[in-house]
Amino acid sequence: DAADAADAAGVTPTATGAAGASSSPSSSYGADQVTVTTTLTSASNQLATVGPGTPKVYGWNLLQGTGTLQGVPVNVTLQGSVNYVGGAGPFEGFVTLSAADGSGTLALRLDGNAAPAADGSATALDGRLDYIGGTGSYLNVVAGGMFHASRKSGVGSPVETSLELTVEADGAAGAATGSSTATQ
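Residues numbered from 1 in each chain as written. Predicted model: local features only at pLDDT ≥ 70, side-chain atom pairs only at ≥ 80, totals over all residues. Heavy atoms only, no water.

## Thoughts on the confidence of the model for the protein
Close inspection of predicted coordinates is inappropriate in any region flagged by low pLDDT.
Then step 1. The pLDDT averaged across the protein works out to 81; a share of 76% of its residues lies at or above 70.
Then step 2. Long-range and interchain partners of residues 173-184, a stretch whose pLDDT sits below 50, account for 30 contacts in this model, where long-range means more than four residues apart. (pLDDT = per-residue confidence, 0-100. Contact = heavy atoms within 4.5 Å.)

This is the structure:
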């Protein structure tokens, strides 16, 4: 199973301390440190605001953008849910990187936290990305890392995003045979 392969490969990162403070996965063999940047825009959402006093926003949002992963153009999709009080709080979801030519897909799980700036100028969105699996050209790829983003307006507005990933091209195959050397 691909998730077991990722666990065996040890590329799942560990978050420590405050939001945004983390250790990234690393590898001594066959892994690349890559950054995928994109502007994610909302394609659809169902968000609601409830409660007296400080606004509480909850719901889901489908965000889409484009980027490049190891020289390959990719479509970036974030399926996310939020549970914010006063613009701050947890978010989670799934990030999918799909090769624009249709040759493969890489799926990641996202757990993060939103923290608005004291002056209200922007909201920092930081989280951990954990490997789920891949298809096609990403079938034997294991990846994990960090999600860093910022938006200058409310939930559903464009999100400037950076995915900092450790990508091991032969990770799933190596993990399946016990020969992967990626470490946490």
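Resuming the write-up.
## A closer look at the packing of aromatic side chains
Then step 1. What the rule picks out here adds up to one aromatic pair.
Then step 2. Note that Arg 109 overlies the ring of Phe 94, its terminal NZ or CZ placed 5.4 Å from the centroid. (Phe/Tyr/Trp six-rings, centres within 6.5 Å; stacked < 30°, edge-to-face > 60°. Lys NZ or Arg CZ within 6 Å of the ring centre and 35° of its normal.)

## Quick look at the pairing of strand β10 (residues 142-151)
Then step 1. Of all 10 residues in β10, nine are buried, a share of seventy percent or more.
Then step 2. Sheet analysis places strand β9 (residues 123-136) next to β10, joined by seven bridges and oriented antiparallel. Paired with Arg 128 across the bridge in β10 is Met 146.
Then step 3. Turn length for the β9-β10 hairpin, with the two strands adjacent in sequence and antiparallel, is five residues. (Buried < 20%, exposed > 50% of the residue type's maximum accessible area, 1.4 Å probe, protein only. Helix = DSSP H or I, 4+ residues; strand = E, 2+ residues; numbered from the N terminus. Pairing = 2+ DSSP bridges.)

## Comments concerning the side chain of Ser 162
Then step 1. Mapped onto the elements of the fold, Ser 162 is located in strand β11 (residues 159-168).
Then step 2. With sequence-adjacent residues up to four places away left out, Ser 162 is seen in contact with Thr 35, Val 36, Thr 37, Met 146, Phe 147 and His 148.

## Details of the sheet that holds strand β8 (residues 104-116)
Then step 1. As summarised here, the arrangement of the eight strands in space is β4-β5-β6-β7-β8-β9-β10-β11, forming a closed barrel in which the pairing is antiparallel. If you compare each strand with its neighbour and ignore which way they point, the axes differ by 25° on average. (Axes fitted to C-alpha atoms, helices over the stretch in contact; angles between N-to-C directions.)

## Concerning the nonpolar core
Across soluble globular proteins, you tend to see nonpolar side chains buried next to one another.
Then step 1. In this structure, Leu 69, Val 95, Leu 97, Phe 147, Leu 163 and Leu 165 are the most contacted members of the largest nonpolar core, which totals 32 residues.
Then step 2. If you list the elements that add at least two residues to this core, you get β4 (31-50), β5 (56-69), β6 (72-85), β7 (89-99), β8, β9, β10 and β11.
Then step 3. Examining the composition of this core, we find that five residues originate from one element, β6, more than from any other.
Then step 4. With sequence-adjacent residues up to four places away left out, Leu 69 is seen in contact with Val 34, Val 36, Val 74, Leu 97, Leu 106, Tyr 138, Leu 165 and Val 167. (Core = buried A, V, L, I, M, F, W, Y, C linked by side-chain atoms within 4.5 Å.)

## Re empty space enclosed by the protein
Then step 1. This structure, assessed with the given rule, holds one cavity of 30 Å³ or more.
Then step 2. Within this model, the largest cavity holds a volume of roughly 190 Å³.
Then step 3. For the largest cavity, the lining is made up of 17 residues, of which Leu 63, Leu 78, Val 82, Tyr 84 and Leu 125 are closest to its centre.
Then step 4. Only β5, β6, β7 and β10 provide two or more residues apiece to the lining of the largest cavity.
Then step 5. In terms of residues, the lining of the largest cavity owes the most to one element, β6, which gives five residues.
Then step 6. Its residues placed into classes, the lining of the largest cavity shows 11 nonpolar, four polar and two charged. (1 Å grid on protein atoms, 1.4 Å probe; cavity = no way out; pocket = protein on both sides within 12 Å on 5 of 7 lines; lining within 4 Å. Points joined across faces, edges and corners; volume = space filled by probe spheres on them. Nonpolar A, V, L, I, M, F, W, Y, C, P; charged D, E, K, R; others polar.)

## Focus on the environment of Ser 153
Then step 1. For Ser 153, the position within the fold is in the loop between β10 and β11.
Then step 2. Along the sequence, Ser 153 and Pro 116 sit 37 residues apart, while their C-alpha atoms lie 9.9 Å from each other.

## Regarding the pairing of β11
Then step 1. Most of β11 sits out of view: eight of its 10 residues are buried.
Then step 2. In this sheet, β11 lies alongside β4 in antiparallel orientation, the contact comprising 10 bridges. Its bridge partner lying in β11, Thr 37 is registered against Ser 162.
Then step 3. Bridge count between β10 and β11: nine bridges; the pairing is antiparallel. Looking at the pairing, His 148 lines up with Ser 162 of β11.

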